[in-house]
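# Observations on the three-dimensional arrangement
Below are the chains, spelled out letter by letter.
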Amino acid sequence: SSRPPRASAAESARRASTLLAQGEPRGGPMAAAANEQLEVARRALASGRQAEALREASEAREKFRQAADARGAADAFSTIIAARSAKGELQEVLAAVAEELRSCRSSDDKVGEAVLLRSAAGAHLAAGQPADALRVALEARAAASELPGGEVGLQTQAMQAVANAHMANGQVREALDVAREAIELSRRAQDKQGLAEALHLSAVIRLSTGASTELVVYDDSNAGSTGGPEADAARAALKDAYEALSLFGELRQHEKEASVLNDIAEARISLGYVTEGVSAAKQALSIFRELGQRRGRQVAFDTIVHAYTASFQAPRALEVAKEELSLARSGGEQALELAVLRAMTDIYGLMGRAQDALSTAAEAAAVSKELKSEEAVELLAVAELQRTAGRPANAQEAAEQAIAAARRTGDRASEDQAKRFLSDLHVERGNAQAAPNRAEALEALAELSAAVEGRQADAFKAALARLEALSGFTEEDVQEVLLPALERDRQSATSFLRLVGFDASGGPQSIAKELFRGELYLGFRATGLSYGPRFRLCRPNRITRPGAQTYEACAVLQVWDEQEDWIDKLCFHPGIIDSMQHTGTALTM
């Protein structure tokens, strides 16, 4: 399945981080030294060194205060909260921003208030609170618009905050409208910095929304071009991106040049120009390497790998990954090393090199243990690869290690996933009694039986969903629970089961047995196809008639209730399209 357009949580985090740390140099002797130190803090933040960024920004803030530069102090505080947000201190950040805002308002510091409101919007974005982000961003824009004309830069930054918040709320049209307003305001004021930022934001909005029909081209230069709305969006993004690239070059802002180059790469790739796209992404990667900017480096690397794998050039993706892995190790950058190892595991899987995928996943698990970062996730990946390779004992050992690692770090989500995997494994090996989720599964089966007895459709579906999340039960367990209810009142029970999507019209033994989706998608993984949860939508079923030696089969395709905004705008759900093809495999099970 293809990778969705860049947006969602990752893009929101990127927008939030950029928004939080934004600012512009100020004048004055002491302020000049503070500005230099603030730039050091921003570079440290971009490279993932949050502690250093926090220290440098705090010192810069103190210097700004000594220079009586309220705007500089506010900018430094924005970088401080960006660093703290990156460390996961989101609630503390929101509290600190609220306190600082009260201080600005009590001292009638209008500039500081506008800067802090803009930063507060970014903090709410980082905390996953898009509605609050939009509310505060609109306050920032209103506050900035009341400032003297010399603060055009702050006004455009506030407008960008509003556009980012609109994007996080799925309001594409509104986001692009505000971005275009920022572009026009910057052009009139001849503000190159603000213009470059606004153009870049416009390009990102267009790229992030992909084929959204709301995304229109504002000029007619691309009207009538082939490729549909997505291609039009990519072409419009390219136009804005190239202008932004030129401006950032004039301003000698190399990090932002690299960021725009990566956006250009994504636009080129989406238009089918893989070679040109990869070339731009490699330029971005080279600049990020020189700057020591780990986050940007990883984004550019991901773009290159995605371009090669999507165009069936996995060996080239592997070459790039090996080079990046060597550089990451020689530079002692373990976080980057972990990201590259994860990519290499997927690449080896695509190439059908199961043993290499397994050994690489094991390396990733070792690195994650040293970093104390998502060790359970990596161990679970090892377990899945061991099972695919036909080594159930090794898979069981890795899954047990994943559970232990998740418990050590308090990672409840990973613990639940590992327990489900291990329960699946025990059921596959005919030892359901040993499944860690066995007791809970039996409770859920009892709930299922009670729902049938009480003809409670919602409770029945909830019990099934719980069983799906737990595993640790067999089809025989399900039949044993349902048969007594069917035998007591065949007609009523049959009608109820039909209502909830099961077919029992042939009598009490004619039960629609929903197969484990894990069995279907395990088969896909064994042949090199790995589907994420939102693309595992096929629910295969068997219907066995009384006395029959054969069975009838069907499959239900069901999407998640919660979807990302970009999916809602598509004519056809990509997971449904994939899962329609999965039904053919399900019929042979």
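Structure first, text after, so check above.
Quantities reported herein were computed from a predicted structural model and do not represent experimental measurements.

Criteria and cut-off values
- Residues numbered from 1 in each chain as written.
- Predicted model: local features only at pLDDT ≥ 70, side-chain atom pairs only at ≥ 80, totals over all residues.
- Heavy atoms only, no water.
- Helix = DSSP H or I, 4+ residues; strand = E, 2+ residues; numbered from the N terminus.
- Buried < 20%, exposed > 50% of the residue type's maximum accessible area, 1.4 Å probe, protein only.
- Contact = heavy atoms within 4.5 Å.
- Areas by Shrake-Rupley, 256 points an atom, 1.4 Å probe, with all protein chains shown as cover.
- Axes fitted to C-alpha atoms, helices over the stretch in contact; angles between N-to-C directions.
- Parallel < 35°, antiparallel > 145°, perpendicular 65-115°, else oblique.
- Left-handed = near helix turned anticlockwise from the far one by under 90°.
- Nonpolar A, V, L, I, M, F, W, Y, C, P; charged D, E, K, R; others polar.
- Salt bridge = Lys/Arg side-chain N within 4 Å of Asp/Glu carboxyl O.
- Expected span 1.5 Å × (residues − 1).
- Arc of directions from axis to C-beta.

### Details of the overall build of the protein
Within the protein one finds 27 helices and 3 strands. Within the protein, the proportion of its 589 residues that are buried is 49%. Considering only contacts within the protein whose residues lie at least 6 apart along the sequence, 61% involve residues at least 24 apart. For the protein, the computed accessible surface area is about 26600 Å², with 50% contributed by carbon and sulfur atoms.

### Overview of the packing of helix α13 (residues 274–291) against helix α14 (residues 294–310)
One way to put it is that α13 packs onto α14 with a least axis distance of 8 Å and a crossing angle of 160°. When the axes of α13 and α14 are compared, the pair comes out roughly antiparallel. For the pair α13 and α14, the sense of crossing is left-handed. Judged by residue contacts, V274, V278, A281, K282, A284, L285, F288 and R289 of α13 engage G296, R297, A300, F301, T303, I304, A307 and Y308 from α14. Taken together, the residues of the contact of α13 with α14 sort by class into 11 nonpolar, 2 polar and 3 charged.

### Some points on the pattern of salt bridges
Opposite charge on two side chains permits pairing when their charged atoms draw close. Per the stated rule, a full pass over the model turns up 36 salt bridges. With a closest N to O distance of 3.3 Å, R135 and E139 form a salt bridge. Of this pair, R135 and E139 both sit in helix α7 (residues 130–145), 4 residues apart, roughly one helical turn.

### Regarding the packing of α7 against helix α8 (residues 152–168)
The interhelical angle for the contact between α7 and α8, taken along N-to-C directions, is 160°, at an axis separation of 8 Å. Looking at the two axes, α7 sits roughly antiparallel to α8. Once α7 is placed against α8, the crossing between them reads as left-handed. Contacts between α7 and α8 involve P130, A133, L134, A137, L138, A140, R141, A144 and S145 on the former and, on the latter, L154, Q155, A158, M159, A161, V162, A165, H166 and A168. Broken down by class, the residue content of the contact of α7 with α8 amounts to 14 nonpolar, 3 polar and 1 charged.

### Overview of helix α21 (residues 438–454)
For α21, built from 17 residues, the straight-helix expectation of 24 Å at 1.5 Å per residue is met to within 8% by its first-to-last C-alpha distance of 24 Å. Restricting attention to buried positions, one finds in α21 the residues R438, A441, A444, L445, L448, S449, A451 and V452. Along the axis of α21, the buried positions cluster into a sector of 160°, meaning they face one direction only. Just beyond α21, the residue with positive phi is R455, at close to 55°.

### What to know about helix α3 (residues 50–66)
Taking 1.5 Å per residue as the helical rise, α3 with its 17 residues ought to reach 24 Å, and the 24 Å between its terminal C-alpha atoms agrees with that figure. Every buried residue of α3 is accounted for by A53, E56, A57, A60, R61 and F64. Relative to the axis of α3, the buried residues are bounded by an arc of 145° and lie together on one face. Exposed positions of α3 whose direction lies more than 90 degrees from the buried face are A51 and Q66.

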